[in-house]
Amino acid sequence: MKRRLGYLALPLMMAAAFTTQARADGETIAVFTKNQTNPFFQTVRVGADAMAKTLNAKTLQYIPTKPDSIPEQLSQIEDVVVKKPSAIVFTPVDYKAMVPGVEKINDAKIPVVNITDRSAGGKFLSFIGADDYSLGLETARFLLKTLGGKGNIVIIEGVKGSLTNVDRVRGFNDALKENPGAKLLASQPGNYQRLQALQVMENLMQSNSQIDGVLAANDAMAVGAIEALDGANRKAQVIGINGTKEAIDAIKSGKLLASGDYNGFYQGCLGTMMAIRALREQPVIAEVVLKPTVITKDNYQPFDQPLEQRTCPTFEEASKLGAK
Amino acid sequence: MIDITKEALSPPRSFLSQDAIQLFYRLLAVLLICAVLAVLNESFLSLGNILNVLRQASLTFFIASGLTLVVLTAGLDLSVGANVALSACIAGTVIHTTGSSVLGILTGLACGGIVGLLNGIMVTALRIPSFIATYGMLWVLNGLTYWYMAGETLHGFPAGFRQIGSGYLFGLPIPIYLLLVFLGIGTLFAQRTIWGQEIYAIGANPVAARLSGIPVARRLLLVYAVSGTMAGLASIIFLSRLNSAEADIGESLTLPAIAAVLIGGTSLFGGVGTVFGTFIGALILTLVLNGMNLLSVSANWQPLVTGIIVILAVWLDMKTRRRAQ
């Protein structure tokens, strides 16, 4: 409760940030994320703040009030171009539709780092992201290894056509192809929503008496599927993706087999680090695609600590984190 | 012209019989969908799946039942889904901090009801069209919920509380009992009470209703408060069933609820429709999704099929009504 009340201070802090221009010692980094609803972007923002604090800079958070709203992010870009922060750390709400926005930032000569979703165009100092395809592939491989390479599998997809979903599901399917003993019963949409995943799972259990594994394209859907299984007194191994706090709790209690870590904290840290380094005329890494980590009951401990206590990697460590 | 006498207050007989005809068509549609699905998939007609469908339809129905009353007055409540999200997050926090499920349930219902009342005040006292007022409220609620949750998720609730959404009584899921209770109350209220009939009269002709002495503003206030309270109830069922609350649940709940009301035959122009029709609407939407899951219809086709069914249902409704008039 206490921590929630702390958010009351947020508007005040933001007002302060808007009125005081960047001081000589601290650059202002505008951080653009896609929404305020997905816990993943909260980890990105906390990572960005942590790195800015370490390097004695400031962040300004830009988040569309309507999740993933293209027009809203565009108008936020127009605002930021007027406000001229030292640099921008940018996640496009849509990797194609935001290209004109990125071009506006380029025209305004504000240095910009691309994180999370790779923009289809525009000039960036560097790209920091994870790889949805390998997250899907590695989590599914882990599930199939646990099942001994066989069994009846169900995929619960995210929002059809979204970049994350296309790549994750492609990864799932490629892992299934490597295991001819496994049978894909169905690949149905849950739209990244817990309730929809629960209902899809309930429906699929009606026509499939034996389901051994569930591949869900995010953690909320994985947990929804587990609720459905519990409700029907049935058991299956379930994996999710994102490594949310809820998923870690479920892994600890043995309900969830594993979750793929998308590593939002590191993305926030490294994106901000590269932006500030460029401003200080230090070398940057052009591209860091973080290696996927499958969080299981054997390695969840580092992910179990509160976000505020996590530490950002150093530049030397960053160059070893799957940099190309 | 509508006759401004006492008879105008009780829904004219022709309305009721027309509603009866419409309901008959809808039940026929449900039977047709069921027959097709039963032929295509052997598990469809199992008792387990029928209970499954009814339980899934119940959440949409709870939200849509209150909404039906609003639509009967020729209004619309676009804030119901966002209301469910905020109520669920607040009720969840209360249960987590106090440990009391009862307190959480009461808070959830109160939160939903207060939001509804505010909608009602905007529509009556401030005379803002309901579409705009509740659309504004949708944003206010989203903003509050996103800010309050800050990207976090509440999860893990007491086992007793979880019974409401996930438990069974005499072999039937508890939400089905609640569904029957609220279907009964809603139908009796709308069809058999003076207040209910006044709501129909307001929707049919607000000027005539006012002239015949119906306290229009007070009835509208009631209708929006009921819609909000039902969203509060849905938030409790949601929390208890999903064992969690997050800020982004609203958007996925509003449109199915509106669709259920429309498929159920309640007219957006007010005065025509039934709560039972809304139940059938929720059932049709659920059956279609359930059927597509059972038949493993590709994820690409599911929204398309749902969209076509909504359009078809409303078109057929308008066509048959025109003929009846």
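Counting from 1, residues in each chain are numbered in the order their sequence is written. Labels follow written order: the first chain is A, the first ligand is 1, and so on. Confidence filtering applies because this is a predicted model: local features only for residues at pLDDT of at least 70, side-chain atom pairs given and counted only at 80 or more, and all residues used for totals across whole chains, interfaces and linings. Side-chain measures were taken over the full set of non-hydrogen atoms in the model, leaving aside hydrogen atoms and water.

K.L.:
Can you lay out the overall build of chain A for me, pointing to particular residues and giving the numbers?
P.N.:
Under the scheme used here, helices are H or I runs from DSSP no shorter than 4 residues and strands are E runs no shorter than 2 residues, and both carry numbers assigned from the N terminus. Helices and strands together make up the secondary structure of chain A, namely twelve helices and twelve strands. Our radius of gyration is a C-alpha quantity, and the globule rule it is checked against amounts to 2.2 Å times the number of residues to the power 0.38. Radius of gyration (C-alpha) of chain A: 20 Å, near the 20 Å computed for a compact globule of 324 residues. Considered along the principal axes of its C-alpha atoms, chain A spans approximately 65 × 45 × 35 Å. Here's how the labels work: a residue is buried when its accessible area is under 20% of the maximum for its type, exposed when over 50%, partly exposed in between, all with a 1.4 Å probe on protein chains only. Burial status across chain A gives 57% buried among its 324 residues. Long-range pairs, those at least 24 residues apart, make up 72% of the contacts in chain A with a sequence separation of at least 6. For accessible areas, the Shrake-Rupley method is used with a probe of radius 1.4 Å. Any residue's cover is judged against the shown protein chains and nothing else. Of the accessible surface of chain A, which amounts to about 13,500 Å², a share of 55% is contributed by carbon and sulfur atoms. Every residue pair with non-hydrogen atoms within 4.5 Å of one another is taken to be in contact.

K.L.:
Just give me the short version of a nonpolar patch on the surface, but keep the residues and values in it.
P.N.:
All names here are of chain B. Patch criteria: residues need more than 30% relative accessible area and no salt bridge. Like-charged residues are merged within 9 Å; nonpolar side chains of Val, Leu, Ile, Met, Phe, Trp and Tyr are merged within 5 Å. Think of a salt bridge as a Lys or Arg side-chain nitrogen and an Asp or Glu carboxyl oxygen that are within 4 Å of each other. A cluster of nonpolar residues, Trp301, Leu304, Ile308, Leu312, Trp315 and Leu316, forms a patch on the protein surface that exposes about 630 Å² of accessible area. With respect to the secondary-structure elements, Ile308 resides in helix α14 (residues 301–324). Ile308 sits in the partly exposed class, given a relative accessible area of 46%.

K.L.:
Please give an account of the confidence of the model for chain B that cites residues and values.
P.N.:
All names here are of chain B. Within a predicted model, pLDDT stands for the predictor's per-residue confidence, ranging from 0 to 100. Per-residue pLDDT for chain B averages 89, and the proportion of residues at 70 or more is 93%. Across chain B, the secondary-structure element scoring lowest on mean pLDDT is helix α1 (residues 6–9), at 48, and the one scoring highest is helix α5 (residues 101–124), at 97. In this model, residues 1–8 is a region of pLDDT below 50 whose contacts with residues beyond four sequence positions or in other chains number eight contacts. This complex was scored by the predictor with a pTM of 0.80 and an ipTM of 0.80.

K.L.:
Any details on the sheet that holds strand β9 (residues 237–242) of chain A? Residues and values, ideally.
P.N.:
Residue and element names in this part refer to chain A. In this description, strands pair whenever DSSP reports at least two bridges between them. Across the sheet, six strands lie side by side as β7-β6-β8-β9-β10-β12; this open sheet has mixed pairing. A single partner strand is all that each edge strand has here, and the edge strands are β7 (182–189) and β12 (293–295). For this sheet the average axis-to-axis angle between neighbouring strands, irrespective of direction, equals 20 degrees. Relative to the sheet, helix α6 (residues 132–146) contacts β6 (151–157), β7, β8 (213–216), β9, β10 (258–261) and β12, its axis offset from that of β9 by approximately 160 degrees. Helix axes use the C-alpha atoms of the stretch in contact, all axes being lines fitted to C-alpha atoms, and the angles between their N-to-C directions lie in the range 0 to 180 degrees.

K.L.:
Explain α6(A) to me, and be specific about the residues and the numbers.
P.N.:
All names here are of chain A. The span one expects for a helix is its residue count, reduced by one, times 1.5 Å. When the terminal C-alpha atoms of α6 are compared, their 21 Å separation across 15 residues agrees well with the 21 Å that a helix rising 1.5 Å per residue should span. Three or more residues of α6 are buried, namely Asp132, Ser134, Leu135, Gly136, Leu137, Thr139, Ala140, Leu143 and Leu144. Counted as a polar contact is a pair of N or O atoms within 3.5 Å, where, for protein atoms, one must be capable of donating a hydrogen and the other of accepting one, and residues adjacent in sequence contribute only when both atoms are in side chains. Two or three places before Tyr133, at the opening of α6, Asp131 has a side-chain oxygen 3.0 Å from that residue's backbone nitrogen. Positive backbone phi, at 70 degrees, marks Gly148, one or two positions downstream of α6.

K.L.:
Would you mind going over the sheet that holds strand β2 (residues 58–62) of chain A in detail, with residue names and values included?
P.N.:
All names here are of chain A. Spatially, the six strands line up as an open sheet ordered β2-β1-β3-β4-β5-β11, and their pairing is parallel. In this open sheet, the two strands that pair with only one neighbour each are β2 and β11 (287–290). For this sheet, the mean inter-axis angle between neighbouring strands, taken without regard to orientation, is 15 degrees. Sheet topology note: the strand β1 (residues 28–32)/β2 ladder contains five bridges and is parallel.

K.L.:
Let's hear about the packing of helix α8 (residues 174–192) of chain B against helix α9 (residues 194–204) of chain B: which residues, and what values?
P.N.:
All names here are of chain B. Between α8 and α9, the shortest axis-to-axis distance is 5 Å and the interhelical angle comes to 70 degrees. When the axes of α8 and α9 are compared, the pair comes out roughly perpendicular. Each of Phe189, Ala190, Gln191 and Arg192 in α8 lies in contact with α9, whose residues at this interface are Ile194, Trp195, Gly196, Gln197, Ile199 and Tyr200. Residues are grouped as follows: nonpolar covers Ala, Val, Leu, Ile, Met, Phe, Trp, Tyr, Cys and Pro; charged covers Asp, Glu, Lys and Arg; every other residue, Gly included, is treated as polar. Its residues assigned to classes, the contact of α8 with α9 comprises six nonpolar, three polar and one charged. Under this scheme an angle from 65 to 115 degrees is roughly perpendicular, one under 35 degrees roughly parallel, and one over 145 degrees roughly antiparallel; angles in between are oblique.

K.L.:
Run through the packing of aromatic side chains, naming residues and quoting values.
P.N.:
Residues and elements named next belong to chain A. Here a Phe, Tyr or Trp ring, Trp counted by its six-membered ring, pairs with any other such ring whose centre lies within 6.5 Å, and the pair is stacked when the planes are under 30 degrees apart, edge-to-face when over 60, and tilted otherwise. Across all of its chains, the model carries twelve aromatic pairs over all chains by this definition. Measuring from centroid to centroid gives 4.7 Å for Phe40 and Tyr262, while their planes differ by 55 degrees, and the two rings are tilted. One end of the pair, Phe40, is in helix α3 (residues 39–54); the other, Tyr262, is in the loop between β10 and α11 (264–279), with 222 residues separating them in the sequence. Each member of the pair, Phe40 together with Tyr262, is buried.

K.L.:
Residue-level account of the nonpolar core, with values.
P.N.:
Of all hydrophobic cores here, the largest spans 169 residues; its most connected members are Phe172(A), Met201(A) and Leu215(A). Residues within four places of Phe172(A) in sequence aside, it is in contact with Gly136(A), Leu137(A), Thr139(A), Ala140(A), Ile155(A), Leu215(A), Ala216(A), Ala217(A), Ile239(A) and Ile241(A). Put simply, buried Ala, Val, Leu, Ile, Met, Phe, Trp, Tyr and Cys residues joined by side-chain atoms within 4.5 Å make one nonpolar core.

K.L.:
How would you summarise the pattern of salt bridges if you had to cite specific residues and measurements?
P.N.:
Residue and element names in this part refer to chain A. Inspection of every chain in the model, using the stated rule, returns 20 salt bridges over all chains. Salt-bridge contacts for Lys245 lead to Asp249; the nearest nitrogen and oxygen are separated by 3.2 Å. Of this pair, Lys245 and Asp249 both sit in helix α10 (residues 245–252), four residues apart, roughly one helical turn. According to the relative accessible area criterion, Lys245 is exposed, its value standing at 60%. Among the residues examined, Asp249 registers a relative accessible area of 21% and is labelled partly exposed. Each of Glu138, Arg141 and Glu178 takes part in salt bridges that share partners, so that together they form one network.

K.L.:
How would you sum up unusual backbone geometry? Please name residues and give values.
P.N.:
Residues and elements named next belong to chain A. With a phi angle near 50 degrees, Asn191 is a residue other than glycine that sits in the positive phi range. For Asn191, the position within the fold is in the loop between β7 and α8 (194–207). Notably, Glu281 is not glycine yet its phi reads approximately 55 degrees, a positive angle. Inspection of the secondary structure puts Glu281 in the loop between α11 and β11. Given the relative accessible area of 74%, Glu281 is considered exposed.

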